[in-house]
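# Structural characterization, general
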Amino acid sequence: MNERIFMSAPDVGELEEKYVLQALRSGWIAPLGPDVDRFEQEMAARIGRRCAVALSSGTAALHLALLAHGVGPGDVVLTSTMTFAATANAISYTGAEPFFVDCLPESGNMDPLLLKEALRSLAMAGERIGAIVPVDLLGKTVDYSGIADIAAEFGIPLIADAAESLGAFHKGQAAGSWGETAIFSFNGNKIMTTSGGGMLLTDDEEVASRVRYLATQARQPVVHYEHTEVGFNYRMSNLLAALGRAQLVRLDEMIMRRRDHRQFYKQLFDGVPGVSIFGGDTDSHDNFWLTSILVEPEAAGFTANELCTALTGQNIESRPLWKPMHLQPIYRQARKAENGTAERLFETGLTLPSGSSMSTKSRDLIGETIAMFLQNYEHARRF
Ligand SMILES: *Cc1c(COP(=O)(O)O)cnc(C)c1O
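So, how was this worked out
Residues numbered from 1 in each chain as written. Predicted model: local features only at pLDDT ≥ 70, side-chain atom pairs only at ≥ 80, totals over all residues. Heavy atoms only, no water. Pairing = 2+ DSSP bridges. Helix = DSSP H or I, 4+ residues; strand = E, 2+ residues; numbered from the N terminus. Axes fitted to C-alpha atoms, helices over the stretch in contact; angles between N-to-C directions. Buried < 20%, exposed > 50% of the residue type's maximum accessible area, 1.4 Å probe, protein only. Contact = heavy atoms within 4.5 Å. Salt bridge = Lys/Arg side-chain N within 4 Å of Asp/Glu carboxyl O. Domains from an automatic or database assignment. Buried area = accessible area lost by both parts, 1.4 Å probe. Polar contact = N/O pair within 3.5 Å; in protein donor to acceptor, adjacent residues only side chain to side chain.

## A closer look at the sheet that holds strand β4 (residues 128-133)
A sheet is described by the order of its strands in space; here four strands give the open sequence β4-β2-β3-β12, paired in parallel fashion. Edge strands, defined here as strands with exactly one partner in the open sheet, are β4 and β12 (335-337). The sheet shows a mean angle of 25° between the axes of neighbouring strands, direction not considered. Bridge analysis of strand β3 (residues 97-101) against β12 gives three bridges, and the strand direction is parallel. Residue pairing for β12: F100 is matched across the bridge by K336.

## Considerations on the side chain of R363
Relative to the elements of secondary structure, R363 occurs in helix α12 (residues 360-382). The class of R363 is buried, set by a relative accessible area of 17%. Contact partners of R363, with chain neighbours within four places excluded, come to D260, H261, F264 and M358.

## A closer look at the pattern of salt bridges
Between side chains of opposite charge, a pair can form when the charged atoms approach closely. For the structure on display, the rule yields 24 salt bridges. The shortest N-O distance in the salt bridge between E40 and R235 comes to 2.6 Å. Taken as a pair, E40 in helix α2 (residues 34-47) and R235 in the loop between α7 (205-215) and α8 (238-268) lie far apart in primary sequence, 195 residues in all. Judged on exposure class, the residue E40 and its partner R235 are both buried.

## Thoughts on the sheet that holds strand β13 (residues 349-352)
In space, the three strands of this open sheet follow the order β10-β11-β13, with antiparallel pairing throughout. Looking along the sheet, the strands with just one partner apiece sit at the ends: β10 (275-277) and β13. Adjacent strand axes in the sheet meet at a mean angle of 30°, parallel and antiparallel pairs treated alike. Running at roughly 25° to β13, helix α10 (residues 304-313) makes contact with β11 (291-295) and β13 of the sheet. The strands touched by helix α11 (residues 341-348) are β11 and β13; relative to β13, the strand with the most contacts, the crossing angle is about 55°.

## Side note on the domain arrangement of the chain
Parsing the chain into structural domains produces domain 1 (14-248) and domain 2 (251-382). The straight-line distance from the C-alpha centre of domain 1 to that of domain 2 is 27 Å. Each side of the interface is counted separately: domain 1 has 43 residues, and domain 2 has 33 residues. Where domain 1 abuts domain 2, roughly 3300 Å² becomes buried across the two surfaces, and 57% of that area is made up of carbon and sulfur atoms. Its largest share of buried area at the contact with domain 2, domain 1 owes to F100, L138 and I191, together 22% of the area lost on that side. Notably, a salt bridge pairs D286 with K140, separated by 3.2 Å at the nearest N-O pair. At the junction of domain 1 and domain 2, the tally comes to 27 residue pairs in polar contact (both at pLDDT 80 or more). Those elements that place two or more of their residues in the side of domain 1 that touches domain 2 are α4 (85-93), β3, α5 (112-124) and α8.

Encoded structure:
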């Protein structure tokens, strides 16, 4: 059996080895150090933000972003239902209540009209709205210009969950530069990794320094350890920041490789009835983190799940799109503004291997497996 082909395996090599070894030999093993400072500066410069704070995960970054914007018990926070649980969980950590907003069919991103309706009825009922947290699904940004206008109209802070969209753009402006504050994730499966890590970006220096303070156990600036509130241990270690710096050098190259995979899948499924590349018509500003297809079973003659099973048979990983938060047992009671799109995407979507370290040989095997699968169904359709 061939080695397992993952959806998005880490892509690290000689440059990463060099940076991490340098950091190790420099003696900066204690969590903070010069690589953390430089990594923050380099990220802020790349995204076009005043401040960046390196943290232990994207989830930690979301948690502290919410706290720094004053979100807490009694607040409602509106977020995308089409997301990974981390977004909703971070809202729950603060004691606020997540409110899930459904999405647009072409991107799976938050539907601005639904958001506006939900805000209107919440505001009318006199509820306290803490923040809006839209998610850039699979590396394509939300319609930030639309959503930023809505947030401004209601006077609510916009916190962008850009965990998946580092390197993408909206209207010529980098993902992570939209909203009052934005976060990235450097988890092992993301477009760029520090094995585990995240970053918060903002132009608001007060927010940045509040986040730094909360992330280091809320220690007061005195020699002895003095604490006036509960803090967290959320900073990124210097060794991992060194890994991140090497990855950032290679980010554009890694995006190009993922873009190439998107092209490959576009050709592979070209003309196949009932199958489309998710978001494929408007992807020129994506970072191409993951490529997914949508399978309409009536037209295709097969389901996404059947293709998934065929791929699994060849030790190739694939997976449905995120299961919407409003369908998750833990959030089933949560309030929501629903239009059925997220559920439909969950039923028909399949995410395919898209990692930048995927070899030509692996991709050939994926191509052959899918071509064989399609041939069988083509045959079945005809006879
Ligand atoms: C990965 C991810 C996160 C969480 O990031 P971690 O670094 O794994 O904590 C948050 N939101 C979204 C949308 C993600 O995909």
